[in-house]
Amino acid sequence: MKYGYGVDLGGTTVKIAFFDQAGTMLDKWEIPTVTADGGGRILPDIAGSIAEDLRKRGLPRQQVLGIGIGVPGPVSEDGIVNKCVNLGWGVFNIHRTLSELTGLPVKAGNDANVAALGEAWKGGGEGCADMVLATLGTGVGGGILVGGKPVSGVHGAGGEIGHLTLNRYEQEPCGCGKYGCAEQYCSATGVVRVTRRHLALSDRESVLRGMENMTCKDVFDAGRAGDALALEALEQVYDYMGQFLANVCCVTDPEIVVLGGGVSRAGQMLIDGAKRYFDKYIFHASRDIRFSLAALGNDAGAYGAFKLLLDTYPPEPIPTP
């Protein structure tokens, strides 16, 4: 039996998980992401944490397949990180750097693509080789699998579905600098933005009116309670979301769309609303694409990172008795 590590590198914490070659997560822990000094401590800290774990387990490196890691930024197939602004990183080869620090093989990918791989392996898209994962959080990320492999693209920016343009008349800029991105309407902050605009254009009574620190959850809760203005705002969100996901699926024709991130906590209410408009916008031959909710939560990135490693450095089969 061989073992390995799946690492999900975030802007605040680094999630590290220890797996056996069958894909069973045996342990997991977190360390802080130290972004000071251009993020120069991040990889040495990861290497140190893994070295300490190996020491505690008394596990020889010959039994370790290596390290898979998801990175919050573009990563090319050969491991070139093309800037991670929130980490302070520039352009460098993460495969070589982390391997030199650990003495282990390393395989890296974009964090959203890696999370998609995890969900297709052990989560909401289990068993599906062709899948779209849309992570609807503070922003909108995504991961696309075609034939079981993440679409990373030439520049490592494949799967940046949150920056498809949905509204070319938008006056407010997206965080990326463009205008009218899907992220501006389909993220948690986007749901609040759309709702505030409805409030500004209407004098209709609503439990949301005057709510200074409104959240996405507040809007969905109000909608469930029958608040007419909340339902009107959500209808527009569903329209945007259906159009957004249909545009993605017209390119890839996946078997399933998996929704993750904080907005997905709205559950079946979100799926029903988005699917109604998706069916309106999708090319007819792809209308039977299934929708589901992500199932691995914060572990998706670690599972996917380890799966990326397994696919790159497959172990010898486990002998059968």
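Conventions we followed
- Residues numbered from 1 in each chain as written.
- Predicted model: local features only at pLDDT ≥ 70, side-chain atom pairs only at ≥ 80, totals over all residues.
- Heavy atoms only, no water.
- Phe/Tyr/Trp six-rings, centres within 6.5 Å; stacked < 30°, edge-to-face > 60°.
- Helix = DSSP H or I, 4+ residues; strand = E, 2+ residues; numbered from the N terminus.
- Buried < 20%, exposed > 50% of the residue type's maximum accessible area, 1.4 Å probe, protein only.
- 1 Å grid on protein atoms, 1.4 Å probe; cavity = no way out; pocket = protein on both sides within 12 Å on 5 of 7 lines; lining within 4 Å.
- Points joined across faces, edges and corners; volume = space filled by probe spheres on them.
- Polar contact = N/O pair within 3.5 Å; in protein donor to acceptor, adjacent residues only side chain to side chain.
- Contact = heavy atoms within 4.5 Å.
- Axes fitted to C-alpha atoms, helices over the stretch in contact; angles between N-to-C directions.
- Parallel < 35°, antiparallel > 145°, perpendicular 65-115°, else oblique.
- Nonpolar A, V, L, I, M, F, W, Y, C, P; charged D, E, K, R; others polar.
- Pairing = 2+ DSSP bridges.
- Core = buried A, V, L, I, M, F, W, Y, C linked by side-chain atoms within 4.5 Å.
- Left-handed = near helix turned anticlockwise from the far one by under 90°.

Colleague: Looking at this structure, how should I read the packing of aromatic side chains?
Modeller: For any pair of aromatic rings, the description rests on two quantities: the centre-to-centre distance and the angle between the ring planes. Counted by the stated rule, this structure contains 10 aromatic pairs. With 5.4 Å between their ring centres and 15° between their planes, Tyr3 and Phe18 make a pair best called stacked. Of this pair, Tyr3 sits in strand β1 (residues 3-9) while Phe18 sits in strand β2 (residues 13-20), placing them 15 residues apart in sequence. Between Trp89 and Phe92, the ring centres sit 5.0 Å apart and the planes meet at 90°, which makes this aromatic pair edge-to-face. Look at Trp89 and you get buried, because its relative accessible area is 8%.

Colleague: What am I meant to see in unusual backbone geometry here?
Modeller: Across residues other than glycine, the phi torsion is negative in most instances, and most of the peptide bonds are trans. For Asp37, which is not a glycine, the phi torsion comes out positive at approximately 55°. The backbone phi angle of Asp253 is positive, close to 50°, even though this residue is not glycine. Note that Asp253 resides in the loop between α8 (228-252) and β11 (256-260).

Colleague: Is there a simple way to think about the layout of surface pockets in this case?
Modeller: Rolling a probe over the atoms, with the probe sized like a water molecule, indicates the empty space that remains. Estimated volume of the second largest pocket: approximately 270 Å³. Every residue lining the second largest pocket is counted, 16 residues in all, and those nearest its centre are Glu77, Lys107, Lys149, Pro150 and Leu308. For the lining of the second largest pocket, the secondary structure elements donating two or more residues are β7 (106-110), α4 (111-122), β10 (149-150) and α10 (300-312). It is β7 that provides the largest number of residues to the lining of the second largest pocket, a total of 4 residues.

Colleague: Help me out: how do you make sense of the side chain of Thr33 in this one?
Modeller: As for its placement among the helices and strands, Thr33 is situated in the loop between β3 (25-32) and α1 (36-39). Here Val14 takes part through its backbone nitrogen, which lies 3.5 Å from a polar atom of the side chain of Thr33. The contact partners of Thr33, leaving out residues within four places of it in the chain, are Leu9, Gly10, Gly11, Thr12, Thr13, Val14, Ile42 and Leu87.

Colleague: Where do I start with the packing of α4 against α10 in this structure?
Modeller: A packed helix pair is summarised by two numbers, namely the angle formed by the two axes and the spacing between the axes. Here α4 crosses α10 at 85°, and the two axes come no closer than 7 Å. For the element pair α4 / α10, the angle class is roughly perpendicular. Contacts from Val114, Ala115, Leu117, Gly118, Glu119, Trp121 and Lys122 in α4 reach Ala300, Gly301, Tyr303, Gly304, Ala305, Phe306, Lys307, Leu308, Leu310 and Asp311 in α10. Split by residue class, the contact of α4 with α10 holds 10 nonpolar, 3 polar and 4 charged.

Colleague: Teacher, can you tell me more about the pairing of β7 here?
Modeller: Residues in a regular strand project their side chains so that they alternate between the two faces of the sheet. Counted residue by residue, β7 has 5 buried out of 5 residues, so it is predominantly covered. Where strand β4 (residues 64-71) lies against β7, 5 bridges are found, and the strand directions are parallel. By the bridge assignment, Val71 is partnered in β7 with Asn110.

Colleague: I'm lost on the sheet that holds β3 in this one. Help?
Modeller: In a beta sheet, neighbouring strands pair by backbone hydrogen bonds and run either parallel or antiparallel. Taken together, 5 strands build an open sheet; the order of strands is β3-β2-β1-β4-β7 and the sheet is mixed. If you trace the sheet from one side to the other, it starts and ends with β3 and β7, each paired once. Each strand axis lies, on average, 20° off the axis of its neighbour in the sheet, ignoring direction. Inspection of the sheet shows β2 paired to β3 by 7 bridges, in the antiparallel sense. Bridged to Ile16 within β3 is Trp29. Sheet strands touched by α4: β1, β4 and β7. Its angle to β7, the strand with the most contacts, is close to 105°.

Colleague: What should I look at first to understand the pairing of β4 in this one?
Modeller: Counted residue by residue, β4 has 8 buried out of 8 residues, so it is predominantly covered. Relative to β4, β1 runs parallel, the two sharing 5 bridges. Considered in β4, the bridge of Val7 is made with Ile69.

Colleague: How do you make sense of the nonpolar core when you look at a structure like this?
Modeller: Across soluble globular proteins, nonpolar side chains have a tendency to be buried as a group. In this structure, Phe220, Phe244, Leu245, Leu259 and Leu270 are the most contacted members of the largest nonpolar core, which totals 45 residues. Examining the composition of this core, we find that 13 residues originate from one element, α8, more than from any other. Among residues more than four places away in sequence, those in contact with Phe220 are Val191, Leu234, Tyr238, Val263, Ala266, Met269 and Leu270.

Colleague: Would you explain the packing of helix α2 (residues 42-57) against helix α3 (residues 94-102) in this entry?
Modeller: Following both chains from N to C, one finds α2 and α3 inclined at 40°, their axes separated by 9 Å at the closest point. Relative to α3, α2 is oriented oblique. Remark: the crossing between α2 and α3 carries right-handed chirality. In this structure, α2 uses Leu43, Pro44 and Ala47 to contact α3, whose residues at the interface are Ile94, Thr97, Leu98, Leu101 and Thr102. Among the residues making up the contact of α2 with α3, the classes are represented as 6 nonpolar, 2 polar and no charged.

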